[in-house]
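# Commentary on secondary and tertiary structure
Given next are the chains, with one letter for each unit.
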Amino acid sequence: MTTMALRNTATLAWRTLVQIKHNPFELFDFSVQPIMFLLLFTYVFGGAIADTPGEYLTYALPGIIVQNLLFATLNTGVGLNTDISKGVFDRLRSLPIARFSPLAGRIVADVIKQAWAIALLLGLGLALGFRIETGPAEVLAAFALLLGFAFAASWMSVLVAMLVSEPEKVQIFGFVLLFPITFVSGAFVDPDTMPDWLRAFADVNPTTVLADAARGLLSGGPVAGPVTRSLLWAAGFLLVFAPLSVRAFRRRI
Amino acid sequence: MDTTYAIHAEGLVKRFGDTTALDGVDLAVRPGTVLGLLGPNGAGKTTAVRVLATLIRPDAGHAAVGGFDVVRQPHEVRGLIGLTGQYASVDETLNGTENLLMIGRLLGLSRRAARARAAALLARFELTDAAGRAAGKYSGGMRRRLDLAASLVGDPRVLYLDEPTTGLDPRSRNEVWDIVRGLVADGTTVLLTTQYLDEADRLAGEIVVIDHGRVIATGTPAQLKARAGAQTVTVRPSDAGELGLIGEAVARVAIGPVDVTGEVVTAPVSDPGALAKLVRDLDEHGLTVAELALRSPSLDEVFLSLTGERS
């Protein structure tokens with residue numbers, strides 16, 4: 001049973017990744033958009049916010065990675081909802097396969113896509129002058145933390161996907177929620193420059209926390225505090241949204 | 001475990017909120033036969049298929065496929081069935097080969113076996129040329145064929161076809177019908193839902209008519225037609241000027257109102273000698289006709305009379 005579950009999950013993850021081949025738009029989502037954001041932030045705002053674009057890149061790259069990661073979690077929900085509304089799920093569920101493999105396959109594939117986007121942003125950042133001031137262990141830890149966080153946060157979009165009727169609604173819900181969460185944070189600017197009431201929100205915001213942790217692991221600086229808080233946030237997302245999603249999943253399908 | 005029937009359902013009830021989609025449906029399908037489940041939109045056809053395909057649980061009643069209970073042994077049931085329909089769909093973002101490959105792999109075939117199976121099915125359904133194209137770019141008929149192919153990867157003993165030709169042009173519809181006939185000849189049991197009486201008439205050995213979640217008639221197409229009783233005589237005069245005279249002649253054998261529409265006279269008759277009488281009558285009056293036909297009621301008429309009775 002478990003071997004079957006793993007095989008089914010691998011097949012369905014493969015299927016999600018092969019979709020990219022036929023849907024260049026997805027490639028845009030996972031590659032062109034992050035690159036565009038990185039270039040825009042660095043060269044349009046960079047000089048105004050920090051002294052030079054290069055200096056700003058050092059601060060903002062981890063934040064841009066985190067922002068991109070959070071928006072990319074929406075793809076899990078959009079994909080699931082599309083499968084349900086188009087009838088692909090019914091076909092899968094009429095087959096003698098492990099019950100949760102359609103969900104697991106989607107999540108595995110999306111974590112792989114996330115890894116690709118993080119590597120892409122980091123690679124481009126390095127080409128533009130970002131310096132990694134720490135060792136390989138810290139870089140690996142940063143990757144693991146970012147991916148773990150993405151996995152945990154994606155359950156939120158899974159839950160939304162189970163509750164709404166169309167994929168577009170997952171997108172709309174996500175955008176409405178994620179714009180304030182990713183921008184009112186320490187991802188792009190130091191929260192100390194914000195009005196007090198906004199700063200209070202930015203300081204506890206998971207975007208800030210995770211961006212600080214990634215910054216610490218890549219550029220040096222405080223690590224223990226932000227990493228712990230990131231893990232707490234991730235655990236919170238997982239504990240709240242995974243059970244709710246699984247329950248909604250059982251009901252919906 | 002009763003295996004007299006490939007599909008056997010008793011007293012199926014399914015409610016969605018205030019709506020009762022199935023209100024005590026019984027079905028019995030013998031192995032290797034086609035049952036046509038006929039009904040208007042919203043009659044409960046798709047709900048019945050979804051229960052039998054283990055996609056939803058009935059609120060009451062029980063159903064078995066190949067002797068396995070759909071609620072208690074869903075995994076075993078899934079191993080026997082194939083599902084094609086309005087709702088169970090192929091992945092539009094994958095190409096033809098990838099769709100079939102995915103299902104083959106999910107069913108436990110090796111990579112090589114899954115490839116071979118995909119290629120064989122694509123060839124059988126004349127999709128080899130489109131194998132590399134995304135299914136979303138297929139025409140309606142091609143998509144339906146790919147859908148059918150996808151439901152056949154596992155060589156199902158029982159196949160559910162949920163409105164398999166809705167929205168298809170006549171040629172594609174004929175292709176789907178040929179495929180279904182071939183499958184049945186090979187021993188597959190088919191449950192076909194359709195709104196088209198024509199389709200049930202051509203494919204199904206037995207028809208169950210449902211409306212508002214209840215079975216309102218069961219029988220062979222011939223039995224259902226006999227239930228509606230009267231046959232219809234149709235006469236088209238050679239000379240439209242004689243329409244009135246011919247109408248009078250028809251009225252002498254008719255058992256109901258004579259309908260004169262355009263250049264055709266139709267009327268219900270029941271006496272087996274009515275046609276001969278009419279021909280003699282026409283001959284005596286020197287009336288010539290371009291067309292003279294006696295036919296059984298179409299299933300459409302049966303259907304309307306059955307569903308009309310209830311509402």
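Per chain, residue numbering runs from 1 following the sequence as it is written. A letter from A marks each chain and a number from 1 marks each ligand, given out in the order of writing. Given that this is a predicted model, residues contribute local features only at a pLDDT of at least 70 and side-chain atom pairs are listed and counted only at 80 or more, while totals for whole chains, interfaces and linings are drawn from all residues. Note that water and hydrogens are dropped before the side-chain values are worked out from all heavy atoms of the structure.

### So, the packing of aromatic side chains
Residue and element names in this part refer to chain A. Cut-off, in case you're wondering: Here the aromatic set is Phe, Tyr and Trp, taking the six-membered ring for Trp, and pairing holds for ring centres within 6.5 Å; pairs whose planes are under 30 degrees apart are stacked, those over 60 apart are edge-to-face, and all others are tilted. Secondary structure is summarised from DSSP: a helix means a run of H or I of at least four residues, a strand means a run of E of at least two, and numbering begins at the N terminus for each. Relative accessible area decides the class of each residue, using a 1.4 Å probe on protein chains only: under 20% of the type maximum gives buried, over 50% gives exposed, and in between gives partly exposed.
Enumeration over the complete set of coordinates arrives at 15 aromatic pairs over all chains. For the pair Phe89 and Phe249, a centre-to-centre distance of 6.0 Å together with 80° between the ring planes defines the contact as edge-to-face. Here the residue Phe89 occupies a position in helix H5 (residues 88–93), and Phe249 occupies one in helix H11 (residues 224–252), the gap between them amounting to 160 residues. Given a relative accessible area of 1%, Phe249 falls into the buried group. Centroid distance Phe175 to Phe179: 5.7 Å. Interplanar angle 65°. Geometry classified as edge-to-face. Here Phe175 pairs with Phe179, and both are found in helix H8 (residues 167–183), just four residues apart, close to one helical turn.

### What to know about unusual backbone geometry
Residues and elements named next belong to chain B. With phi around 55°, Glu126 is a residue other than glycine that occupies positive phi space. Tracing the backbone shows Glu126 in the loop between helix H4 (111–124) and helix H5 (140–152). Overall, Glu126 belongs to the exposed group, its relative accessible area being 64%.

### Re the side chain of Thr165(B)
Selection rule: Contact definition: two residues touch when any of their heavy atoms are within 4.5 Å.
Inspection of the secondary structure puts Thr165(B) in the loop between strand E7 (158–162) and helix H6 (170–185). What Thr165(B) contacts, discounting residues up to four positions off in sequence, is Arg144(B), Arg173(B), Val176(B), Trp177(B), Tyr196(B) and Glu199(B).

### Re the confidence of the model for chain B
The cut-off we apply is this: Every residue is assigned a pLDDT by the predictor, reflecting its confidence on a scale from 0 to 100.
Across chain B, the average pLDDT comes to 88, with 95% of residues at 70 or higher. Among the prediction metrics, the complex's ipTM stands at 0.87, with pTM recorded as 0.82.

### What to know about the UniProt feature "transmembrane region" (unreviewed entry) in chain A
All names here are of chain A. Selection criterion: UniProt positions are given in the numbering used here, feature names are shortened, and annotations may be inferred rather than shown by experiment.
Residues given the UniProt feature "transmembrane region" (unreviewed entry) here are residues 27–50, 56–82, 103–128, 140–163, 170–189 and 231–249. A distance of 37 Å separates the end C-alpha atoms of residues 103–128, which is 100% helix and 0% strand. Secondary structure over residues 170–189 splits into 70% helix and 0% strand, and the C-alpha atoms at its two ends are 28 Å apart.

### As for the interface of chain B and chain A
This is how it is decided: By buried area we mean how much accessible surface two parts lose on assembly, using a 1.4 Å probe and totalling the loss over both. Here a salt bridge means any side-chain nitrogen of Lys or Arg lying within 4 Å of a carboxyl oxygen belonging to Asp or Glu. Polar contact is the term for a pair of N or O atoms within 3.5 Å; when the atoms are in protein, one must be able to donate a hydrogen and the other to accept it, and sequence-neighboring residues count only if both atoms are side-chain atoms. For this classification, the nonpolar set comprises Ala, Val, Leu, Ile, Met, Phe, Trp, Tyr, Cys and Pro, the charged set comprises Asp, Glu, Lys and Arg, and every other residue, Gly included, is treated as polar.
On the side of chain A, 23 residues touch chain B, which itself brings 33 residues to the contact. Ranking the residues of chain B by area buried against chain A places Leu55(B), Arg78(B) and Leu106(B) at the top, with a combined share of 25%. Run the count over chain B and chain A and you get five salt bridges. A salt bridge links Arg15(A) to Asp91(B); its shortest N-O distance comes to 2.7 Å. Inspection of the chain B/chain A interface yields 15 residue pairs in polar contact (both at pLDDT 80 or more). Secondary structure elements with two or more residues in the side of chain B that touches chain A: helix H2 (74–78), strand E6 (81–85), helix H3 (96–106) and H5 of chain B. Ranked by residues supplied to the side of chain B that touches chain A, first place goes to H3(B) with six residues. Taken together, the residues of the side of chain B that touches chain A break down into 16 nonpolar, ten polar and seven charged.

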